[in-house]
Amino acid sequence: MNLEPLSYYTNGILQKDRNVLSKSITLIESNADTHQATANQLIEFCIQQNKKAKKIGISGSPGVGKSTFINSLGKHILDNNKSIAVLAIDPSSTISRGSILGDKTRMGDLIHHKNIYIRPSANGDYLGGVARKTYETSLICEAFGFDYIIVETVGVGQSEIEVRNIVDIFLLLLLPNAGDELQGIKRGIMELANIIIINKADNEHLTKAKISMTQIKSILPLMNQQQRNWETKIVLASALENTGIKNIYNLISNYYLSVHENELRINQQEYWKNKIIQDLVLSKIKSHPKIKKVLEDLSIKQQNIYTNYEAIAKLIDEIILD
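One structure accompanies this document, and this report is about it.

Cut-off values and rules
Residues numbered from 1 in each chain as written. Predicted model: local features only at pLDDT ≥ 70, side-chain atom pairs only at ≥ 80, totals over all residues. Heavy atoms only, no water. Helix = DSSP H or I, 4+ residues; strand = E, 2+ residues; numbered from the N terminus. Buried < 20%, exposed > 50% of the residue type's maximum accessible area, 1.4 Å probe, protein only. Contact = heavy atoms within 4.5 Å. Areas by Shrake-Rupley, 256 points an atom, 1.4 Å probe, with all protein chains shown as cover. Expected span 1.5 Å × (residues − 1). Pairing = 2+ DSSP bridges. Core = buried A, V, L, I, M, F, W, Y, C linked by side-chain atoms within 4.5 Å.

Next up on the list: the overall build of the protein chain. Assigned secondary structure in the protein chain consists of 12 helices and 7 strands. Looking at the 322 residues of the protein chain, the share that counts as buried comes to 45%. Relative to all contacts within the protein chain whose residues are 6 or more apart in sequence, the contacts with residues 24 or more apart total 76%. Counting every atom, the protein chain has about 16,900 Å² of accessible surface; 51% of that belongs to carbon and sulfur.

The backbone of Asn203 shows a phi angle near 50 degrees, a positive value even though the residue is not glycine. One can find Asn203 in the loop between strand 6 (195-198) and helix 8 (206-219). Taking the relative accessible area as the measure of exposure, Asn203 reaches 57% and is therefore exposed.

With 16 residues, helix 3 (residues 33-48) extends 24 Å between its outermost C-alpha atoms, agreeing within 8% with the 22 Å of an ideal straight helix rising 1.5 Å per residue. When we look at burial in helix 3, the residues that qualify are His35, Thr38, Ala39, Leu42, Ile43, Phe45 and Cys46. Residues of helix 3 that are buried in the fold lie against helix 1 (6-14), helix 2 (18-29) and helix 5 (134-144). Count one or two residues on from helix 3 and you reach Asn50, which has phi positive near 55 degrees.

Here we take up the pairing of strand 1 (residues 54-60). Strand 1 sits mainly inside the fold: 6 of its 7 residues count as buried. Pairing analysis gives 5 bridges linking strand 1 to strand 4 (residues 148-152), with the strands arranged parallel. From the neighbouring strand, Gly57 faces strand 4, where its bridge partner is Val151. Sheet analysis places strand 1 next to strand 5 (residues 169-174), joined by 5 bridges and oriented parallel. Residue Gly57 lies in a different strand from strand 5, and its bridge partner there is Phe170.

On to the nonpolar core, then. If you look at soluble globular proteins, the nonpolar side chains tend to sit buried side by side. By size, the foremost hydrophobic cluster in this structure holds 44 residues, and its most contacted members are Leu21, Leu42, Ile140, Cys141, Ile196 and Ile216. If sequence neighbours within four positions are ignored, Ile196 has contacts with Leu172, Leu174, Met190, Ile216, Leu220, Thr232, Lys233, Ile234 and Val235. Ranked by size, the runner-up nonpolar core spans 34 residues in total, among them Phe69, Trp230, Ala237 and Tyr255.

Encoded structure:
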């Protein structure tokens, strides 16, 4: 991509230019060294705008209906004259590094609305269910002036909790046979959820959904509640039939009345500050000529001389003594 002056991006965001918004996100996602200084200045500018959006994270296993649910919830938000940015994270192929980026196909009621912006991103090799620059992207969308920012994760996995450090409220979608599904879901993600939604609770699935709801209610008291002034809510919904969506929208509104939003944002900023420091330090270490040479030498020698632990200890010594 061509690098424009910083003013091109900042003026475009202030003027709510959708094309500039997309280019700004592309700039932030770029790995090119020549883009980093402008990207960092743009993020600083966005933070200084001090605008607040309601940030909602949505996770769930593949097939649970996350995109269809966002379509239904999004329609309800739009009916209340609010604007939405949807950041949809798609899994990348470990072979081709590509992704389908097909979430828009399941948000047919939203894609042509003037108050919606959908940005698909590939997660690449980044763990946690989000893309490497999802947090920064949310800051740009917030400065742009969206009322709601919805982050849809890749799908439930062992480390699918990174999104909780990006958003204010975390929604976990489960299938009607959640009793069986819970066996494959880590306890941590259940503890982090502010609202647990049993989706597809319709027709012949309704009875199973009610049973699952009872099962989840029975285990929740055994888990650590992460949010002060808020107890995790469990609800039934059918995104396809648009049932239970209004109730969820009201619960989200009640959540913001119950928690301290500034405290949420301070925690997010602190987490990502430390995350950025770790990434920068690791990047500098890996790119340092002496360290690269040590890594190459250790790779050759450790087959016969070093255990993995000794090789790492040797590398750390080289870094400290440099």
